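# Structure at a glance
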Amino acid sequence: MSGAVIDPRHSPMRAAPKKGLSLSWSDPRFRNIVWQVVILGAIAALVWYLVQNTNRNLAARRIATGFGFLGRTAGIPIGEALIDYDPSINTYGRALLIGLLNTLKVAVVGVVLATILGTLLGVARLSKNWLIARISAIYVEVIRDIPLLLQLLFWYTALQGLPAPRNAAHPLPGVFLSNRGIKIPLVEWEGPFWWALAALALGLIGTMAWSRSATQQQEATGVRPKVWPVALALLVGFPVLVWGALGAPFEVEMPVLRGFNFVGGATLSPEYGALTLGLVVYTSSYVAEIVRSGILAVPTGQWEAAGAIGLRPGTVLRQIVLPQALRVIIPPMTSQYLNLTKNSSLAVAIGYQDIVSIANTTLNQTGQAIEGIAAIMLVYLVISLSISFLMNWYNARIALVER
Amino acid sequence: MKRSILSGALLLGATLALAAPVKAQGSGSATIDTIKSRGQLVCGVSTGVAGFSLADSKGVTQGIDADTCRAVAAAILGDANKVRFVPTTTTNRFTALQSGELDLLVRSTTWTLGREGNLGLLFAGVNFYDGTGFLVKSAAGVKSVKDLDGATICVQPGTSTELAIADYFRLNKLKFTPVLIQDLAEIQNTYLAGRCDSYSTDASGLASFRFQQGPKAEEHVLLPEIISKEPLGMMVRKGDDKFFDLVRWTLFAMIQAEESGVSSKNVDEMLKSTNPDIRRLVGAEGDLGKSLGVENRWAVNVIKGVGNYGEMWDRTVAPLGIPRGINNLWNKGGLHYPPPIR
C-alpha cells in the first residue's frame, strides 16, 4: 500500500479538534441547525396555513367535509367489478374498493404483458435478421411518438367496430367476439379444483427443493441432474392426478345469446380490453428501448469470452448477458411500471371504471372533492410505493456484489 | 427608516384587506358588485347540447341555458351580451361554481336535496322541467323500458340520471350493464357505434341528440317512459342572498312577462300600460328593481335582451321538436307559476 494517499483529515493527528456546540454564528454546526429549524418551521407554517384556509373556506361555503360518505349507500352503477356490487345496497367505500381492484387488474396484467412484449421487441431490434430488426425499430419509433390517449381512443373505437352480439364472430366453440366484448366459456369452480390448486402449491415447493438439490449435486460432481421431468410431474401431473382422483369434475358454462347480450361465461369488456391493449402496446415500446440499452451496455468482450468457451448464442444471452443487463435495465424499468400504473387513469376517457373514474363520480355525487382527490392520491401513492419497494428489493438482490 | 416601516405596515394591511372576503358595496351583494366592476357575467354552461347551450355557426352560444345566463346579465348590466360562457363537464361543474370561477351555473343541472345540502350551492329556480328518458335504435324493436332487461346502457357518470336508472331497474327487478363515459361526444359515439343498446339522459337531451342526427333521426326512438323528475335550473353559491334573489326573480320576471303578454316586441309600449301588474314589472311604478340591487328597468332589459319565457322557448327548445308540456304556464296546464311581482 505504499504510495496510497491518506486523507489527512482522517489521521488522528490532523483531524479538526472536536468541540462542543457553541451558540455562536461562526460555528457552522450551529448555523446549520438554525437554518434547518427555520426552513422546517416555515414549511410547517405553510402547511398549517393551507389546511386552516381550506377548512375555513369549506365552512364558509357550507360544503360538507369528512369521510362519513364512505359508509353511505352509493347508488352509482358500476359496469364491471371483481367483487359483488349492488348500487342500492353497497356503500361508496365498496365502490371505491372496486375502483382500486379495477386499477390493479389493469396494472398487474399490463406490467406483465408489457415486460414480455417489450423484452421480445428489444431483443428483436438487436437481431441480425434485417427484417426483424427493422420491424421492431419501426414499431418502437411509431408507437412511442403517438400520445397514449389517442391510442386508447383508437383501440376503443376499433373494438367497437366488432359486430353486434347477434352477428358475433365465433372463431372457437364458446368464444364470441362482439362489440360487447370477448366472451369465453367459464369452467365452474368446484371443490376438487381447490385441492388441485393445493397440489400445485405442493408441487411448486417440491420442484424448488429438487432444483436446489440438483444445484448441490452439480457443485459436488459437476453433472446437473435433469430438473424438467421432475418439475413436469410435480407441477402438471400431480395436480391433474388429484383432480382426477376426486372425480374429475368439468362443467363448462357456455356463453349463450339471450335478449340483448350473452349470458354466462366470462367477459372481457371492450373498455378493459382497449385500456390494457393500449397501455401494453405503448409501454412496451419504452421497455424495448430499455432492454436494448441494457443488452448493449454489456461489453462485447462478455459475448466473445462466452463464445470462446463454446456456449451457444442462446445460452450466452440467457446466462451471461441478460443477468448483467438486468442491472442496467431494472431502475428505468421501475419508472415504466410506475408510468403504466399512473397512465391507467386515462381509463376515464374510454369508460373503464378504475379508481379515478369511480372517485370522480363519488366526489361529484357527494360534492366532496377534496376527500375524493385525496383518496385517488392515496391509492396511487400506495401502489407506486409498493412497486418501487419491490423493484428496489429486486435491484438490490441482483446488484453486482462487490467485495 | 420609520417611514418605510410605516408604509410597509400599510402595504401589509392593504394586502390583508384585499385578501379578506370582498365586502358588499353599492348593491348589497358581493357577486353583483364583482359582475358590475368586471362588466361581464361569468356563466357555466354545458360543453354543447343543442337547445340548451351550443355554439352556432357564428360561434355564438345558443340555447335556453345560455339565454338564462343572458337574462341575468341583462338584469345586472343592462346588456344581454355581456356574458362569458364557460363550458363545464358533469364532473367539474360544481367545483367551478364553488371555487368562484363562475358567478352562475346554468347547465341542465337537476335540483336535488343532496346537492343543496352538501355542495354549498343553491338552486335559484327551474328553467326547464325534465325527466330521465331512454333512446334506443328503432331496429332493436324495443317498445318500453321494461323490455330493456339485460341491456347495456350508455350514461354519463356523476349525473342524477345514473342514480335514477339504478333505482328504477332495481325497483322493477331488471338488470342492466352501464357504460359510463364523462365526455358527451364520446358517450354518444359509443352509443351510435352499438356498444350500448340504449342511451339515457334527460329526455330533452335525448331529443336534442336525436335532432342532431339529421336525416338519421328516424333510426332512433325515444321510449315512452320518463322514469324520474329532473327539474333543471340555475345554481348560485350559498351566502349571497341578494344575488340569489336577483337570479330567481329574473326567471320569474320572464315567466310573468309571458303571462302578462309582455314580449320583446311590445315592451316599450307596455311602459305606458295602465295595468298595475305590468307597470310594476317594467319598473314604471314602485322601486322593486332597487330592492334587488339593480336598476328599476331591470325587467325591461331582460325582456328586450332575451324576450319572455315563451319567446326564449320558441327560439331555443321548440325547434328540437320538444312539446311545451309541463313547461307551459300554470294557467295553461304547465308548472311555471311565478309569484306576484309586487
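Rules of the game
Residues numbered from 1 in each chain as written. Chains lettered and ligands numbered in written order. Predicted model: local features only at pLDDT ≥ 70, side-chain atom pairs only at ≥ 80, totals over all residues. Heavy atoms only, no water. Domains from an automatic or database assignment. Contact = heavy atoms within 4.5 Å. Buried area = accessible area lost by both parts, 1.4 Å probe. Polar contact = N/O pair within 3.5 Å; in protein donor to acceptor, adjacent residues only side chain to side chain. Helix = DSSP H or I, 4+ residues; strand = E, 2+ residues; numbered from the N terminus. Nonpolar A, V, L, I, M, F, W, Y, C, P; charged D, E, K, R; others polar. Buried < 20%, exposed > 50% of the residue type's maximum accessible area, 1.4 Å probe, protein only. Pairing = 2+ DSSP bridges. Axes fitted to C-alpha atoms, helices over the stretch in contact; angles between N-to-C directions. Phe/Tyr/Trp six-rings, centres within 6.5 Å; stacked < 30°, edge-to-face > 60°. Salt bridge = Lys/Arg side-chain N within 4 Å of Asp/Glu carboxyl O.

Residue and element names in this part refer to chain B. Here chain B is partitioned into domain 1 (30-130 + 231-332) and domain 2 (132-228). Centre-to-centre, using C-alpha coordinates, domain 1 lies 29 Å away from domain 2. Each partner contributes residues to the interface: domain 1 has 19 residues there, and domain 2 has 16 residues. Here domain 1 packs against domain 2, burying approximately 1,300 Å² in sum over the two surfaces, 52% of which is carbon and sulfur. If you look at where domain 1 meets domain 2, you find five residue pairs in polar contact (both at pLDDT 80 or more). For the side of domain 1 that touches domain 2, the elements supplying multiple residues, two or more each, are strand S5 (104-110) and strand S6 (121-130). Across the side of domain 1 that touches domain 2, the residue classes break down as nine nonpolar, seven polar and three charged.

All names here are of chain B. For helix H2 (residues 30-38), the set of buried residues is Thr31, Ile32, Asp33 and Ile35. The elements touched by buried residues of H2 are strand S1 (41-45), helix H3 (64-77), strand S12 (230-237), helix H9 (241-260) and helix H12 (288-292). For H2, the N-terminal capping position is held by serine 29, with its side-chain oxygen 3.3 Å away from the main-chain nitrogen of threonine 31. Positive backbone phi, approximately 75°, marks glycine 39, located one or two places after H2.

This part covers the sheet that holds strand S10 (residues 198-202) of chain B. Residues and elements named next belong to chain B. Here five strands make up an open sheet; going across it, the order is S9-S8-S10-S7-S11 and the pairing mixed. The sheet terminates laterally at strand S9 (176-180) and strand S11 (220-222), the two strands that pair on one side only. The average angle at which neighbouring strand axes cross in this sheet is 30°, direction not considered. In terms of strand pairing, strand S8 (residues 151-155) meets S10 through two bridges, oriented parallel. What sits directly across from isoleucine 153, in S10, is serine 198. Running over the sheet, helix H8 (residues 203-212) touches strand S7 (132-137), S10 and S11 and is turned about 125° from S10.

In total, this model carries 20 aromatic pairs over all chains according to the counting rule given. A ring pair is formed by tryptophan 25 of chain A and phenylalanine 30 of chain A, whose centres lie 6.3 Å apart and whose planes are at 85°; its orientation type is edge-to-face. Taking the centre distance of 6.2 Å and the plane angle of 70° together, the rings of tyrosine 168 of chain B and phenylalanine 169 of chain B count as edge-to-face. Residues tyrosine 168 of chain B and phenylalanine 169 of chain B agree in their burial class; the two are buried.

Let's shift gears to the interface of chain B and chain A. In this assembly, 40 residues from chain B lie in contact with 36 residues from chain A. Both sides of the chain B and chain A interface together cover about 3,000 Å² of buried area, and 50% of this is carbon and sulfur. Contact with chain A buries surface across chain B, with Asn118, Leu180 and Arg195 of chain B losing the most and accounting together for 20% of the total. Along the contact surface separating chain B from chain A lie three salt bridges. Among the ionic pairs, arginine 170 of chain B bridges to aspartate 86 of chain A, the shortest N-O distance being 3.8 Å. On inspection of chain B and its partner chain A, the count reaches nine residue pairs in polar contact (both at pLDDT 80 or more). For the side of chain B that touches chain A, the secondary structure elements donating two or more residues are helix H4 (93-98), helix H5 (113-118), S8, helix H6 (160-171), S9 and helix H7 (184-192) of chain B. Examining the composition of the side of chain B that touches chain A, we find that five residues originate from one element, S9 of chain B, more than from any other. Here the side of chain B that touches chain A is composed, by residue class, of 15 nonpolar, 16 polar and nine charged.

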